[in-house]
Amino acid sequence: MTDTTVNSADQATPGPTPFHDLDAYIALPRITSLALSPDGDRLAVAVSSLNSDGTKYLTALWQVDPSGEAPAHRLTRGLTGESAPEFTAAGDLLFVAKRTTDGVEEEDATPAVWLLPATGGEAHQIASRPGGVDAVRAARAAGTVLITADTMPSATDVESEEAVLEARKKHKVSAILHADYPVRFWDHDLGPAAPRLFTGELPAPGSDQSEASAAVDLRDLTPKPGKALVEGEADLSADGRTVVSTWSVPMGKGAVRSSLVRLEVATGTQTVVADDPGAEFFAPRISPDGTQVAYIAESLSSPHEAPRVTLWVSRLDGSQARQVAADWDRWPGSLAWLPDSSGLLVVADDGGRAPVFLVTLAGQVSRITDDDGAYSGVVVAPDGRCAYALRASYAYPAEVVRLDLDGASSASVTALPGPVARPELPGTLREVSSTAEDGTPVRAWLALPDGASADAPAPMLLWIHGGPLGSWNSWSWRWCPWLLVAQGYAVLLPDPALSTGYGQEFIQRGWGEWGKAPFTDLMAITDAAEQLAEIDEGRTAAMGGSFGGYMANWVAGHTDRFDAIVTHASLWALDGFGSTTDAGYFWRREMTPEMAMANSPHLSVAEIVTPMLVIHGDKDYRVPIGEGLRLWYELLSESGLPADADGRTVHRFLYYPDENHWILTPQHAKVWYQVVSGFLAEHVLGQEAPALPEVLG
């Protein structure tokens, strides 16, 4: 075991921590993205903060000094926030925002692309679309911009699209006529508009920068994509001449996979770069010299074989494609080229962390960060001597760091003065390990409250991650253990079978058998944690969301060792789940009908004797509300812990009519933690049931 304790010198909050007060926690600002100027002299970060009435988060852009000498300062102050920071070749900052200059309230404006000049002055709008803009990319060495915008399928120009949108608005029509699949994704409906790619040229540096002359004339690069670009990702070459984008390919019977295509900006000519009936391709990254593209390939899984995720590089025309570092037993997650195009910095889950690896085109792999951090948003300086990234762990939320490379086998990592300080924690983070039934090592993070000891052992909460292909390796504002640690609980965050960062075989152990190795791994690591002197093994609970909620349901039906169970957005009855989730074809690759029935928690409902708190959002499309409704009804009518003679039950159902898979609005997140905390206090601590939040009536 190792301990990771936050250095007291880094603390910014004196006295009680923000985790002791839900309002203080909800109000903590969060860094969400990072951009580096082409000359390497400026870093822009997006910071989300609570609005004045505490009902939503707004994002503003800040500048961070790459040298670490000057403090961060704020760049934007829009009433509805800004997102998607991107530097142009000239050093101007692009972003997407709802702004207007004609007196219309910003909340009613359409998202458009705005430009904040590097030389100073006010931001001005440079590009818009009738249905709004989703994202913008800029060439690193040219004036070309690439814009993604949802567009009505019949639209041939701006005027025709405006006419369709106005007709739907005037007649209050929201109907969508589908001819293909999928029809929705995670938390939003798809259609009738779908993404298209548009390109344009920025005014030359030094030319008239007035608002009227600065507008970019957009050209439709993908006039008839159908749903090919839905949830896609595109990269623009440094010279602005080439785009490489994901491109969805229908497979029949409702299945879809993704290929990669090359688009010539000047002509719109489209060429396939990567296409394989047995794989999908993601995260295209064009090399700085414009000759190659790196990308991630994921094999299509079957009910008996887990997917494999690998790193590939090819010429821009798709020739000479080859897997890089074929013997590396980790899944690449994000890619950033070195300036000389000789290799990439790759982030991959690894043993409860997400470090940065240097992967050369010759296939050599070196881990260059040796801390407990999970890195994201890596960008490399133009001279290749350093890189910048966001780093987080369960000991601190995302912060901006510099990785000094200088050809060394490992990078020196320095935290830069950013817009958000580390919050003080109410405890410490420890690593716990155990051995599964089959001899496989299993590890977890354990967040311990201050003061926990053999004389004052803490009650423990087993918190199971979602995915299931994921890892408890980075800070989560949504799933924050420290709020419960502040109330005296120890929180165990394990990575059981199916977790990433432990090799392909660790994933395969649980593939198609969710109720076996993942369950026994969880019980083994729980046993190990309960042996610690600081843990009160007589007061425990289990909780999880999504796949973690599935596991919570499975745990409820297969052991009575816990005093309470909380299940959020959970899979319950696998006999019907696959045809109602937003991507049913994925589910067909997970399990056969027979496997689904063998692993379905609902079949053990009669064995459930533990009080359960069920939580579900009505707008959840990944795990539809029917799962929560059926779980709730069957708990009341068939579980081994039935209602009393007066119809009262210890089970509870927290229902959100207008939330989705995640509970995202601040006030609803606050209610979530209040209800969860109250439920645990009653059933784990043996306290009198606390009063409900006033807003629940």
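Up top you'll find the structure we're talking about.
So, a few notes on the structure that sits alongside this text. (Residues numbered from 1 in each chain as written. Predicted model: local features only at pLDDT ≥ 70, side-chain atom pairs only at ≥ 80, totals over all residues. Heavy atoms only, no water.)

1. A short note on the overall build of the protein
We apply this condition: For helices the rule is a DSSP run of H or I covering at least 4 residues; for strands it is a run of E covering at least 2, with both sets numbered from the N terminus onward. Note that the radius of gyration is over C-alpha atoms, with the globule rule given as 2.2 Å times the number of residues to the power 0.38. Residue exposure (1.4 Å probe, protein chains only): buried if accessible area is under 20% of the type maximum, exposed if over 50%, otherwise partly exposed.
For the protein, the helix and strand inventory stands at eleven helices and 39 strands. For the protein, the C-alpha radius of gyration of 26 Å lies close to 26 Å, the compact-globule estimate for 697 residues. C-alpha atoms of the protein, sized along the principal axes, occupy 75 × 60 × 55 Å. Evaluated residue by residue, the protein yields a buried proportion of 54% over its 697 residues.

2. A few points about helix 2 (residues 158–170)
For clarity, the threshold we go by: For a helix, the expected span equals 1.5 Å multiplied by the residue count minus one. Pairs of N or O atoms within 3.5 Å make up the polar contacts considered here, provided that, within protein, one atom can donate a hydrogen while the other can accept it, and that residues adjacent in sequence are counted only when both atoms are side-chain atoms.
Taking 1.5 Å per residue, 13 residues should reach 18 Å; helix 2 reaches 18 Å between its end C-alpha atoms and fits that length. You can read the cap of helix 2 off the contacts: a side-chain oxygen lies 3.3 Å from the backbone nitrogen of Glu 159, and it is on Asp 157. Looking one or two places after helix 2, you find Lys 172, whose phi comes out positive at around 55°.

3. With respect to a nonpolar patch on the surface
Inclusion rule: To count toward a patch, a residue needs a relative accessible area above 30% and no salt bridge. Like charges then connect within 9 Å, nonpolar side chains (Val, Leu, Ile, Met, Phe, Trp, Tyr) within 5 Å. Each accessible area value is a Shrake-Rupley result obtained with a 1.4 Å probe; residue values ignore everything except the protein chains displayed when judging cover. By salt bridge we mean one thing: a side-chain nitrogen of Lys or Arg within 4 Å of a carboxyl oxygen of Asp or Glu.
Side chains of Leu 692, Val 695 and Leu 696 sit close together on the surface and give an oily, nonpolar patch of about 320 Å² of accessible area. Relative to the assigned elements, Val 695 resides in the segment after helix 11 (666–683).

4. Observations concerning the sheet that holds strand 16 (residues 234–236)
Under the convention used in this document: Whether two strands pair comes down to DSSP finding at least two bridges between them. Axis definition: a line fitted to C-alpha atoms, limited for helices to the stretch in contact. Angles are taken between N-to-C directions and run from 0 to 180 degrees.
The strand order 16-17-18-19 describes an open sheet built from four strands, whose pairing is antiparallel. The open sheet is flanked by strand 16 and strand 19 (270–274), the only strands paired with a single partner. Neighbour-to-neighbour, the strand axes of this sheet turn through a mean angle of 35°, independent of strand direction. When strand 16 meets strand 17 (residues 242–252), the two strands line up antiparallel, connected through three bridges. Residue pairing in the sheet places Asp 235 in a bridge with Val 244 of strand 17.

5. Some details on unusual backbone geometry
Put simply, Tyr 181 and Pro 182 share a cis peptide bond, and its omega is 5°. Within the element layout of this structure, Pro 182 appears in the loop between helix 2 and strand 12 (184–185). Gly 191 connects to Pro 192 through a cis peptide bond whose omega is -5°. Mapped onto the elements, Pro 192 comes out in the loop between strand 13 (188–189) and strand 14 (194–201). With phi around 55°, Glu 231 is a residue other than glycine that occupies positive phi space.

6. Description of the pattern of salt bridges
Counted according to the given criterion, the structure contains 30 salt bridges. Here Arg 196 ties to Asp 220 by a salt bridge, and the two come within 2.8 Å at their closest N and O atoms. Here Asp 220 lies in strand 15 (residues 219–220) and Arg 196 lies in strand 14, a separation of 24 residues in the sequence. Here Asp 220 falls in the partly exposed class, since its relative accessible area comes to 24%. A salt bridge links Asp 350 to Arg 330; the nearest nitrogen and oxygen atoms lie 2.6 Å apart. Pair noted here: Asp 350 is in the loop between strand 25 (343–348) and strand 26 (356–360) and Arg 330 is in the loop between strand 23 (322–324) and strand 24 (332–337), with a separation of 20 residues, a long-range link. Judged by its relative accessible area of 14%, Asp 350 is buried.

7. Some words on the environment of Ala 255
The cut-off we apply is this: The criterion used for residue contact is that any of the two residues' heavy atoms lie within 4.5 Å.
Checked against the element boundaries, Ala 255 lands in strand 18 (residues 255–264). Along the primary structure Ala 255 and Arg 589 are separated by 334 residues, whereas in three dimensions their C-alpha atoms are 10.0 Å apart. Ala 255 has contacts with Val 249, Pro 250 and Tyr 585, leaving out every residue within four places of it along the chain.

8. Some remarks on the packing of aromatic side chains
The following threshold applies: Any two rings among Phe, Tyr and Trp, with Trp reduced to its six-membered ring, count as a pair given centres within 6.5 Å; such a pair is stacked if its planes are under 30 degrees apart, edge-to-face if over 60, and tilted if neither. A ring is considered to have a charge above it if a Lys NZ or an Arg CZ atom is located within 6 Å of its centre and within 35 degrees of its normal.
Evaluation of the coordinates by the stated rule reveals 23 aromatic pairs. Ring centres 6.0 Å apart and planes at 80° place the aromatic pair Tyr 181 and Tyr 585 in the edge-to-face group. Here the residue Tyr 181 occupies a position in the loop between helix 2 and strand 12, and Tyr 585 occupies one in helix 8 (residues 584–590), the gap between them amounting to 404 residues. Overall, Tyr 585 belongs to the buried group, its relative accessible area being 13%. On the basis of an interplanar angle of 35° and a centroid distance of 5.0 Å, the ring pair of Trp 186 and Trp 662 is categorised as tilted. Pair noted here: Trp 186 is in the loop between strand 12 and strand 13 and Trp 662 is in the loop between strand 39 (652–656) and helix 11, with a separation of 476 residues, a long-range link. We classify Trp 662 as partly exposed; its relative accessible area is 27%. An aromatic cluster is present here, built from Tyr 394, Trp 463, Trp 472, Trp 479, Trp 672 and Tyr 673 joined pairwise through their rings. Positioned over the ring face of Tyr 621 is Arg 184, at 4.0 Å from the centre of the ring. Against the face of Tyr 396 rests Arg 422, its NZ or CZ located 3.8 Å from the ring centre.

9. Considerations on the environment of Ser 83
Here Ser 83 is to be found in strand 6 (residues 82–87). Residue classification places Ser 83 among the partly exposed residues on the basis of a relative accessible area of 33%. Expressed as a C-alpha distance, the spacing of Ser 83 and Ala 46, which sit 37 residues apart in the sequence, is 6.7 Å. If we skip the residues at most four places from it in the chain, Ser 83 touches Phe 95 and Val 96.

10. Looking at the sheet that holds strand 24
Ordered by their spatial adjacency, four strands build an open sheet running 24-25-26-27, and the pairing between neighbours is antiparallel. Only two strands of the sheet have a single neighbouring strand rather than two, namely strand 24 and strand 27 (365–367). On average, adjacent strands in this sheet sit at an angle of 30° to one another, irrespective of strand direction.

11. Some thoughts on the pairing of strand 35 (residues 490–495)
Of all six residues making up strand 35, six are buried, and the element is well covered by its neighbours. Pairing of strand 33 (residues 441–449) with strand 35 involves five bridges; the strand directions are antiparallel. What sits directly across from Trp 445, in strand 35, is Leu 493. As paired strands, strand 34 (residues 458–464) and strand 35 are joined by three bridges and run parallel to one another. Paired with Leu 461 across the strands is Val 491, a residue of strand 35.

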